[in-house]
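Here is what each chain is made of, one letter per residue.
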Amino acid sequence: MTLNQRPELTTDRLLLRQWKDSDYEPFAAMNADPVVMEHFPALSTRAESDALIERTEALFAERGFGLWAVEVKETGQFIGFTGLAVPRFEAHFLPAVEIGWRLAKDAWGNGYATEAARASLAYAFGPAGLEELVSFTATTNTPSQRVMERIGMTHAEDFDHPRLPAGHRLERHVLYRITRAQWESSQ
């Protein structure tokens, strides 16, 4: 595979694919939903949502991985993203590659985040050739922490997110890690 190709990943119920023009509007709506964005410092504007898609497409071209648009195979419905990213802030545990996800509210509770994250892990430690992944979220985001644990990640530490001001309600974050060896031993 060349770096410019966008791999598609499939699971029993999901397709992790390249972004389509039709994804921009529902993605922007998802990022403007206060429930979806509860554990983020602010809602995203349409321009910010569009820019995230453009950045992930550039990451695929540059590194061969990024954030896949997630679609339910049975219905063709776009439900969010899952995949690999390079955090854009400075912290003692960086540089690293992050595994992450964000799904629309109506897709919650179906196991989709875990299913898609497992496919992303297999890609990360397979074709992408990565040795370790991190994931992090606000300490208040217990649903994402449960996904991290279900995919085999272990809690490494808590830290204060450097992009949030001291005392911000989301400042304290958890950091989870998984190595290739840990993932392989669980397969």
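See the structure above.
Residues numbered from 1 in each chain as written. Predicted model: local features only at pLDDT ≥ 70, side-chain atom pairs only at ≥ 80, totals over all residues. Heavy atoms only, no water.

Trainee: Which residues make up the pairing of strand 4 (residues 78–85), and what are the values?
Mentor: Counting buried positions along strand 4 gives eight out of eight residues, so the element sits mostly inside the fold. Pairing of strand 3 (residues 67–72) with strand 4 involves five bridges; the strand directions are antiparallel. What sits directly across from Val70, in strand 4, is Gly80. Between the antiparallel neighbours strand 3 and strand 4 lie five residues, among them Gly76 with a positive phi of about 80 degrees. Strand direction decides the pairing type here: strand 4 and strand 5 (residues 98–103), joined by six bridges, are antiparallel. Its bridge partner being in strand 5, Ala85 is matched across the sheet by Glu98. (Buried < 20%, exposed > 50% of the residue type's maximum accessible area, 1.4 Å probe, protein only. Helix = DSSP H or I, 4+ residues; strand = E, 2+ residues; numbered from the N terminus. Pairing = 2+ DSSP bridges.)

Trainee: Tell me what's going on with the pattern of salt bridges, and back it up with residues and numbers.
Mentor: The full count for this structure, using the stated rule, is eleven salt bridges. Between Glu71 and Lys20 there is a salt bridge; the shortest N-O distance is 3.7 Å. Within this pair, whereas Glu71 is found in strand 3, its partner Lys20 is found in the loop between strand 2 (14–17) and helix 1 (24–31), the two being separated by 51 residues in sequence. By relative accessible area, Glu71 is classed as buried at 10%. Of the charged contacts, one joins Asp33 and Lys105 as a salt bridge, the two residues approaching to 3.4 Å between their closest N and O atoms. Of this pair, Asp33 sits in the loop between helix 1 and helix 2 (46–63) while Lys105 sits in the loop between strand 5 and helix 3 (112–125), and the two are 72 residues apart along the sequence. Residue classification places Lys105 among the partly exposed residues on the basis of a relative accessible area of 42%. (Salt bridge = Lys/Arg side-chain N within 4 Å of Asp/Glu carboxyl O.)

Trainee: Report on the side chain of Glu98, specifying residues and quantitative values.
Mentor: Structurally, the position occupied by Glu98 is in strand 5. We note that Glu98 is buried and unpaired, the nearest opposite charge coming from Arg102 at a distance of 8.2 Å. If we ignore the near neighbours within four places in the chain, the residues touching Glu98 are Gly83, Leu84, Ala85, Pro87, Val134, Ser135 and Phe136. (Lys, Arg positive; Asp, Glu negative; His and termini not counted. Contact = heavy atoms within 4.5 Å.)

Trainee: Pulling in residues and values, what's your account of the packing of helix 1 against helix 2?
Mentor: Here helix 1 crosses helix 2 at 120 degrees, and the two axes come no closer than 9 Å. In terms of orientation, helix 1 and helix 2 fall into the oblique class. Judged by the sense of rotation from one axis to the other, the crossing of helix 1 with helix 2 is right-handed. Facing Tyr24, Glu25, Phe27, Ala28 and Asn31 of helix 1, the residues of helix 2 in contact are Arg46, Ser49, Asp50, Leu52, Ile53 and Glu54. The class makeup of the residues in the contact of helix 1 with helix 2 is five nonpolar, two polar and four charged. (Axes fitted to C-alpha atoms, helices over the stretch in contact; angles between N-to-C directions. Parallel < 35°, antiparallel > 145°, perpendicular 65-115°, else oblique. Left-handed = near helix turned anticlockwise from the far one by under 90°. Nonpolar A, V, L, I, M, F, W, Y, C, P; charged D, E, K, R; others polar.)

From the geometry alone we can't say anything about function, so treat these as descriptive.
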